[in-house]
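Understanding the architecture of this molecule
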Protein chains: 2
Amino acid sequence: MEVVFLGTGAGVPAKERNVSSIALQLLEERGVIWLFDCAEATQHQILYTPIKPRKIEKIFITHLHGDHLFGLPGFLGSRSFQGGETLLTIYGPKGIKTFIETTLAVSCTHLRYPLEIVEIEEEGIIFEDDQFCVVAGELQHGIQSFGYRVIEKDLPGTLLVEKLVREGVKPGPIYQQIKEGRTVRLDDGREINGLDFIGPRKKGRVVTILGDTRYCEKSIELAQDADLLIHEATFSSEEHELAYNYFHSTTTQAAEVAKQAGAKALILTHISSRYQGDDSQELLGEASKTYSPTYIAKDFMKYAIMAK
Amino acid sequence: MEVVFLGTGAGVPAKERNVSSIALQLLEERGVIWLFDCAEATQHQILYTPIKPRKIEKIFITHLHGDHLFGLPGFLGSRSFQGGETLLTIYGPKGIKTFIETTLAVSCTHLRYPLEIVEIEEEGIIFEDDQFCVVAGELQHGIQSFGYRVIEKDLPGTLLVEKLVREGVKPGPIYQQIKEGRTVRLDDGREINGLDFIGPRKKGRVVTILGDTRYCEKSIELAQDADLLIHEATFSSEEHELAYNYFHSTTTQAAEVAKQAGAKALILTHISSRYQGDDSQELLGEASKTYSPTYIAKDFMKYAIMAK
Ligand SMILES: [Zn+2]
Ligand SMILES: [Zn+2]
């Protein structure tokens, strides 16, 4: 499970930072990639990574501002052009359906794969299967803006093969039954409880990716004990008034959220183009006074969330 | 008057070629730039040129396929963000209005400049003032696709100052009247005809920029005696069946149009990503057998159309 930053700027693209998009690679876990936001030229950024558009299974749009959205029509068309045939599901605020349907219709873009568009009607679980659960919560950004908490479900413990061999249980189809935790009768008449031969369950990981927002309680809730929190930091610490007026956050506010939530790591993104070059180090310094470890995202930066 | 190629590829962006956009710089002539098509990441390409978005006065969209259109919403927003305050006029096929209005509304993009959208209802003159005239004609591309003939009006001849001085006419406000071709009475009682003191009118230039199209008569009409014809060449000469089926042109067909039209120069663009690196030389060779001078466009290539 790794996060790859495809765009880490705010508002307008710049040479150093493209506008917002983040890829969550779940290649080992489920052989796919999830995208969070899809600003203009996200597909161009992807050209410089090993990411294959057809591997992208879900796209979560945090909010409908252009610097998080305008790469979507081009990406959808190119995914088809490049051989994508599997279902793609897009989650986002109300309005996303009109945007996608109008842009594809006007441009006569015909997709060769099924497209499902889910407009989020209320906070809570928006996706769940036996591996993952995604919770959406509403932030404070003037327009509807969601934060997403991606929860990996706990993984079953591994089969304690050595212990089984010590007990004289030989490998065979019976191992599968034991692994499922069932009580089985052996050939020699003994009965064993599968649960005694399975290691402890492995805790799943949590990654929280927030849309643009002011400092708010919901962010803390979504980031509770997360292994990684990705939070916007459009402004430096001293610009808290600007941040408040434009419904954005400062470095220090993002760090405060990570601290309150007890997150394990914080990455700041959505950096205004007013901060160039070495300014990043200053922004990092501000946040680090409140919370550590903090990182400042750069385009193409990769961050691995280790299994526990 | 110069043409700058911002995107010269077809269908999907590639590292070598972005999707379609061409800037026609009229900085000396009227202090502005006109854009032809605005594919995704056109604003990103502009970052690597001296072009200022606020200087762009008109955008002509040839047709509504995504690889000519999807950069428009982002460009419009950024032009505002970067201080554009003057009127911007967009010309294009029916549907362009819905596309722009929907994308701006859904994304809550508020422009700080007046935006005029002209859906072209029929062929002919779509814009005219005392400097320029633009004629649109319908090509053959499966969907409505326009070619644009940009006609610079003939320029008045220069004032023959030396001749005036020889005749003893001293510089002063009277020069302006003479320049306008009026008959004026001098202080010494003589009457002179302004027309005798103006050099020959200078022929205006013609640049023809076509949207995607099959080989067709309309292209020849639009390119008649043009100083520069910019024509798509999605396919190599031998792929004429593919070109026909997909409503595109081959190198040879583009050259044939230039030849029939008596154009002064031809630039091929909209090159499929199947042609890489040295293939360009081959494409150029094909076209040059039929018409010369031919050039193959590259991203950021600049071509000056000299005054006559
Ligand atoms: Zn925003
Ligand atoms: Zn086309």
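Residues numbered from 1 in each chain as written. Chains lettered and ligands numbered in written order. Predicted model: local features only at pLDDT ≥ 70, side-chain atom pairs only at ≥ 80, totals over all residues. Heavy atoms only, no water.

1. Focus: the overall build of chain A
In plain terms, the rule: Comment: elements are numbered from the N terminus, with helices defined as DSSP H or I runs of at least four residues and strands as E runs of at least two. Surface accessibility in these figures is a Shrake-Rupley result with a 1.4 Å probe; residues are shielded only by whichever protein chains are displayed. Counted as positive: Lys and Arg. Counted as negative: Asp and Glu, with His and the chain ends omitted from the count. In plain terms, the charge of a residue is placed at NZ if it is Lys, CZ if Arg, CG if Asp and CD if Glu.
The number of helices and strands found in chain A is 11 helices and 16 strands. Expressed along its principal axes, the backbone C-alpha trace of chain A runs to roughly 75 × 50 × 35 Å. Taken as a whole, chain A presents about 13,600 Å² of accessible surface, with 50% of it coming from carbon and sulfur. In chain A, which carries 33 positive and 43 negative side-chain charges, the distance between the mean positions of the two groups comes to 7 Å.

2. Remarks on the sheet that holds strand β6 (residues 115-119) of chain B
The strands that make up a sheet are held in pairs by hydrogen bonds between backbone atoms, and each pair lies either parallel or antiparallel. All names here are of chain B. Cut-off, in case you're wondering: A pair of strands is labelled paired if DSSP reports no fewer than 2 bridges between them. Angles run from 0 to 180 degrees between N-to-C directions of axes, and those axes are lines fitted to C-alpha atoms, restricted for helices to the stretch in contact.
Strands sit in the order β6-β5-β4-β3-β2-β1-β16 across an open sheet of 7 strands; the sheet is mixed. Each edge of the sheet is formed by a strand with only one pairing partner; in this case those strands are β6 and β16 (302-304). Between one strand axis and the next, the sheet turns through 20° on average, direction left out of account. Note: strand β1 (residues 2-7) against β16, 3 bridges, orientation antiparallel. Pairing of Glu 2 across the sheet is with Ala 304, part of β16.

3. Some details on the coordination of the zinc ion (ligand 2)
Residues and elements named next belong to chain B. The cut-off we apply is this: Coordination partners: N, O, S within 2.8 Å of the metal, 3.2 Å for Na, K and Ca; water not considered, so apparent gaps in a site are possible. Geometry assignment treats four donors as tetrahedral when all angles are between 85 and 135 degrees, treats four as square planar and six as octahedral when opposite donors are over 155 degrees apart and all others between 65 and 115, and treats everything else as irregular. To sort residues, take the accessible area from a 1.4 Å probe on protein chains only and compare it with the maximum for the residue type: under 20% means buried, over 50% means exposed, and anything in between is partly exposed.
Protein coordination at the zinc ion (ligand 2): the donors are His 63 (NE2), His 65 (ND1), His 141 (NE2) and Asp 212 (OD), at 2.3 to 2.4 Å from the metal. For the zinc ion (ligand 2), the 4 donor atoms are set out with angles of 85 to 178° between them, so the coordination reads as irregular. The sequence motif formed by the donor residues of the zinc ion (ligand 2) is H-x1-H-x75-H-x70-D. With His 63 in the loop between β4 (56-60) and α3 (66-69) and His 141 in the loop between β8 (132-138) and β9 (146-152), this pair connects stretches of sequence that are 78 residues apart. With relative accessibility at 0%, the residue His 63 sits in the buried group. Residue classification places His 141 among the buried residues on the basis of a relative accessible area of 4%.

4. Points about the coordination of the zinc ion (ligand 1)
By definition of the ideal shapes, a tetrahedral metal site with four donors has angles of 109.5 degrees and an octahedral site with six donors has angles of 90 or 180 degrees. All names here are of chain A. Protein-derived coordination of the zinc ion (ligand 1) comes from His 63 (NE2), His 65 (ND1), His 141 (NE2) and Asp 212 (OD), at a distance range of 2.3 Å. Geometry at the zinc ion (ligand 1) is irregular, judged from the 4 donor atoms that bind it and their angles of 84 to 178° at the metal. Of note, the donors binding the zinc ion (ligand 1) are all from one chain and are spaced H-x1-H-x75-H-x70-D. Remark: Asp 212 occurs in the loop between β12 (206-210) and α8 (217-222) and His 65 occurs in the loop between β4 (56-60) and α3 (66-69); sequence separation between them is 147 residues. Since its relative accessible area comes to 3%, Asp 212 is described here as buried.

5. What to know about the sheet that holds strand β6 (residues 115-119) of chain A
Residues and elements named next belong to chain A. Threshold: We call two residues in contact whenever any of their non-hydrogen atoms come within 4.5 Å of each other.
Strand order in the open sheet formed by 7 strands is β6-β5-β4-β3-β2-β1-β16, with mixed pairing between adjacent strands. Where the open sheet ends on each side, the last strands, each with one partner, are β6 and β16 (302-304). In this sheet, neighbouring strand axes are inclined to one another by 20° on average, regardless of whether the strands run parallel or antiparallel. Relative to β6, helix α5 (residues 96-106) is tilted by about 145°, and along the sheet it contacts β5 (88-92) and β6.

6. Comments concerning the packing of helix α10 (residues 251-261) of chain A against helix α11 (residues 279-290) of chain A
Residue and element names in this part refer to chain A. What counts here: Each crossing gets its hand from how the near helix is turned against the far one by less than a right angle, where anticlockwise is left-handed and clockwise is right-handed.
It is at 8 Å that the axes of α10 and α11 come closest, and there the two elements cross at 35°. Remark: the crossing between α10 and α11 carries right-handed chirality. Facing α10, whose interface residues are Thr 251, Thr 252, Ala 255, Glu 256 and Lys 259, α11 presents Leu 283, Glu 286, Ala 287 and Thr 290.

7. Topic: the interface of chain B and chain A
One frequently used descriptor of interface size is the decrease in accessible area upon assembly of the parts. To be explicit about the condition: Put simply, buried area is the surface a 1.4 Å probe can reach on two separate parts but cannot reach once they are joined, added for both. Salt-bridge detection follows one rule: a side-chain nitrogen of Lys or Arg within 4 Å of a carboxyl oxygen of Asp or Glu. In the analysis that follows, any N or O atom pair within 3.5 Å is treated as a polar contact, provided that within protein one partner can donate a hydrogen and the other can accept it, and provided that, for residues neighboring in sequence, both atoms belong to side chains. When residue character is reported, Ala, Val, Leu, Ile, Met, Phe, Trp, Tyr, Cys and Pro are called nonpolar, Asp, Glu, Lys and Arg charged, and the others, Gly included, polar.
With 34 residues of chain B in contact, the opposing surface of chain A contributes 34 residues. Summing both sides of the interface, chain B and chain A together bury roughly 2,700 Å²; the carbon and sulfur share of this comes to 71%. One can count 0 salt bridges joining chain B with chain A. Counting across the interface, chain B meets chain A through 6 residue pairs in polar contact (both at pLDDT 80 or more). Elements that contribute at least two residues to the side of chain B that touches chain A include exactly α2 (42-46), α3, α4 (72-81) and α5 (96-106) of chain B. Residues that form the side of chain B that touches chain A fall into these classes: 16 nonpolar, 16 polar and 2 charged.

8. Considering α5(A)
What α5(A) keeps buried is the set A:Ile96, A:Phe99, A:Ile100, A:Thr102, A:Thr103, A:Leu104 and A:Val106. Lining the buried residues of α5(A) we find α3, α4 (72-81), β5 and β6 of chain A together with α3 and α5 of chain B. Remark: A:Cys108 follows α5(A) within two positions and exhibits a positive phi of approximately 55°.

9. What to know about the environment of A:Ile220
All names here are of chain A. In this fold, Ile 220 is placed in helix α8. The spacing of Ile 220 and Ala 263 is 43 residues in sequence and 9.1 Å in space, taken between C-alpha atoms. What Ile 220 contacts, discounting residues up to four positions off in sequence, is Tyr 215, Val 257, Gln 260 and Ala 261.

10. Structural notes on the side chain of A:Asp67
Residues and elements named next belong to chain A. Residue position: Asp 67 is located in helix α3. Despite its burial, Asp 67 remains without a salt bridge, the nearest opposite charge being carried by Arg 17 at 12 Å. A distance of 3.4 Å separates polar atoms of two side chains, one belonging to Asp 67 and the other to His 270. Those residues within four positions of Asp 67 in sequence are excluded, and the remaining contacts are Ala 10, Gly 11, Val 19, Ser 20, Ala 39 and His 270.

11. Examining the pairing of strand β13 (residues 228-232) of chain A
All names here are of chain A. In terms of burial, β13 is a largely internal element, 5 of the 5 residues being buried. Burial along β13 is two-sided: the residues Leu 228, Ile 230 and Glu 232 and Leu 229 and His 231 are all buried. Examined bridge by bridge, β12 and β13 share 3 bridges and lie parallel to one another. Bridge assignment links Thr 208 to a residue of β13, and that residue is Leu 229. Pairing between β13 and strand β14 (residues 266-269): 4 bridges, direction parallel. Note on β14: the bridge partner recorded for Ile 230 is Ile 267.

12. Notes on the packing of aromatic side chains
Residue and element names in this part refer to chain B. Just so we agree on the cut-off: Only centres within 6.5 Å qualify two rings of Phe, Tyr or Trp (six-membered ring in Trp) as a pair; their planes then separate them into stacked at under 30 degrees, edge-to-face at over 60, and tilted for everything else.
Per the counting criterion, the structure on display carries 20 aromatic pairs over all chains. Ring geometry for Trp 34 versus Phe 60: centroids 5.5 Å apart, planes at 55°, classification tilted. Of this pair, Trp 34 sits in strand β3 (residues 32-36) while Phe 60 is found in strand β4, placing the two residues 26 residues apart along the sequence. Classification of Phe 60 by relative accessible area gives buried; the value is 0%.

13. A word on the side chain of A:Asn18
Structurally, A:Asn18 is set in the loop between β1 (2-7) and β2 (21-26). By relative accessible area, A:Asn18 is classed as buried at 4%.

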